[in-house]
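# Report on the structure
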Amino acid sequence: MRRFIITLACVTILVSATLLFLNAKTEKGLLKTLNETKQYPKEAENTSEEGKAEQTSHKGKQPNRVDSATNETKRKSSFLVCIDPGHQANANLEQEPIGPGAAETKNKVTYGTTGVTTGKPEYVLNLEAAVILKELLEKKGIQVVMTRTSHDVDISNRERAEMANQNKADLFIRIHADGAENQDTRGFSVLVPGQNNPYTAKIYEDSFQAGQMIVHRVSEKNYTLLGNGLFPREDLSGFNWSRVPVILLELGFMTNPEEDLLLSNEKYLSDLLLQVAAGVADYASH
Ligand SMILES: [Zn+2]
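The following refers to the structure shown. Worth saying up front: this structure is predicted, and the values here are computed from it rather than measured. The written sequence of each chain sets the order in which its residues are numbered from 1. The predicted origin of the model limits local features to residues at a pLDDT of at least 70 and limits the giving and counting of side-chain atom pairs to 80 or more, whereas totals for whole chains, interfaces and linings rest on all residues. In computing side-chain values, all of the structure's heavy atoms are included and hydrogens and water are not.

With that settled, the discussion passes to the pattern of salt bridges. A side-chain nitrogen of Lys or Arg and a carboxyl oxygen of Asp or Glu constitute a salt bridge if their distance falls within 4 Å. Throughout the structure, instances matching the rule amount to 10 salt bridges. When the shortest N-O distance is used, the salt bridge between Arg 158 and Glu 162 registers 3.1 Å. Taken together, the positions of Arg 158 and Glu 162, both in helix H4 (residues 157–166) and four residues apart, correspond to about one turn of that helix. For the salt bridge of Glu 220 with Arg 217, the shortest nitrogen-to-oxygen distance reads 3.6 Å. Here Glu 220 and its partner Arg 217 are both found in helix H5 (residues 204–220), three residues apart, which amounts to about one turn of the helix. Among the charged side chains, a network of salt bridges with common partners joins Arg 217, Glu 220 and Asp 282. What counts as a helix is a DSSP run of H or I of at least four residues, what counts as a strand is a run of E of at least two, and both are numbered from the N terminus.

General note: in soluble globular proteins, nonpolar side chains tend to be found buried as a group. One finds Leu 133, Leu 249, Leu 251 and Val 280 to be the most contacted residues of the largest nonpolar core, which totals 40 residues. Of all elements in the fold, only strand E1 (80–85), helix H3 (122–139), strand E4 (143–146), strand E5 (171–178), strand E6 (188–193), H5, strand E8 (246–253) and helix H8 (266–284) reach the threshold of two or more residues within this core. What we call a nonpolar core is a set of buried Ala, Val, Leu, Ile, Met, Phe, Trp, Tyr and Cys residues that are connected through their side-chain atoms within 4.5 Å. Each residue is placed in one exposure class: buried if its accessible area under a 1.4 Å probe, protein chains only, is under 20% of its type's maximum, exposed if it is over 50%, and partly exposed if it falls in between. Grouped together as the second largest cluster of nonpolar side chains are 15 residues, Cys 82, Ala 164, Phe 172 and Leu 236 included.

Further remarks concern the packing of aromatic side chains. Put simply, two rings from Phe, Tyr or Trp (the six-membered ring, in Trp's case) pair if the centres are within 6.5 Å, and we call them stacked under 30 degrees between planes, edge-to-face over 60, tilted for the rest. In the structure shown here, the tally under the stated rule is three aromatic pairs. Here Phe 79 and Tyr 283 contribute two aromatic rings whose centre-to-centre distance is 6.0 Å and whose plane-to-plane angle is 80 degrees, an arrangement assigned as edge-to-face. With a gap of 204 residues between them, Phe 79 in the loop between helix H2 (69–76) and E1 and Tyr 283 in helix H8 connect regions that are remote in the sequence. Tyr 283 matches Phe 79 in its accessibility class, with the two residues each being buried. Across the ring face of Trp 241, the terminal group of Arg 158 is positioned such that the distance to the ring centre comes to 3.8 Å. Consider the ring centre and the ring normal. A charge sits over the ring if Lys NZ or Arg CZ is within 6 Å of that centre and within 35 degrees of that normal.

Structure, rendered in structure tokens:
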């Protein structure tokens with residue numbers, strides 16, 4: 001009996017030792033596995049770092065999304081608007097052709113008008129309006145690129161149109177304000193390319209439709225329109241160089257004392273642009 005107990009004890013000790021040994025090995029194995037697992041995130045991190053770098057470089061390239069098939073696919077998923085806040089701090093009166101292959105030339109960028117009441121230069125109002133419109137469009141899921149975000153630039157009207165082309169914008173919106181000799185003249189309007197212009201034959205119809213939809217939305221809220229609100233123009237370099245549908249908003253007359261004040265009233269301007277954004281959204285989904 002005693003022998004049996006001793007044998008049992010020995011067997012128990014042996015089994016325990018074996019189990020302990022095996023456990024230690026398993027733990028080692030477990031640790032090893034853990035270490036290996038730990039390495040995975042490291043590698044994954046590296047990969048995502050590369051991905052990140054790639055993403056960042058894509059992001060950096062976004063304003064000129066012309067060279068990447070991936071970006072092209074991305075872009076198609078949402079409507080893209082290129083906004084051009086008209087003019088800049090200093091005019092550039094050098095000449096450029098009014099359209100591709102044209103002998104006739106025009107100033108690269110003119111001074112624009114000035115508020116008779118506010119004294120505000122048009123290029124300042126145009127950028128203020130552009131920033132508001134950008135936000136309103138983005139809220140509607142529309143992507144926006146801008147030709148300028150500061151006043152201290154030198155970008156000709158041709159170059160602005162080419163920026164819209166390079167970005168393959170679905171709509172190029174130029175923002176301006178009007179001026180007239182007669183201070184009584186007032187009202188919002190949209191300029192569109194003319195029907196009989198060889199430079200804009202391909203984009204005339206879409207541009208006209210976008211303009212019409214915007215004017216319709218603005219007229220819904222009883223804003224003063226200039227005439228019927230829609231004016232074809234054949235003489236604008238910014239239209240003639242554009243290969244994407246293009247319109248030009250004339251927000252109102254800065255030479256009309258009352259309208260000049262209204263355009264510098266943030267609520268008035270935002271409400272007006274809200275209607276413009278609704279018109280753009282109509283066009284985007286038509
Ligand atoms: Zn202007």
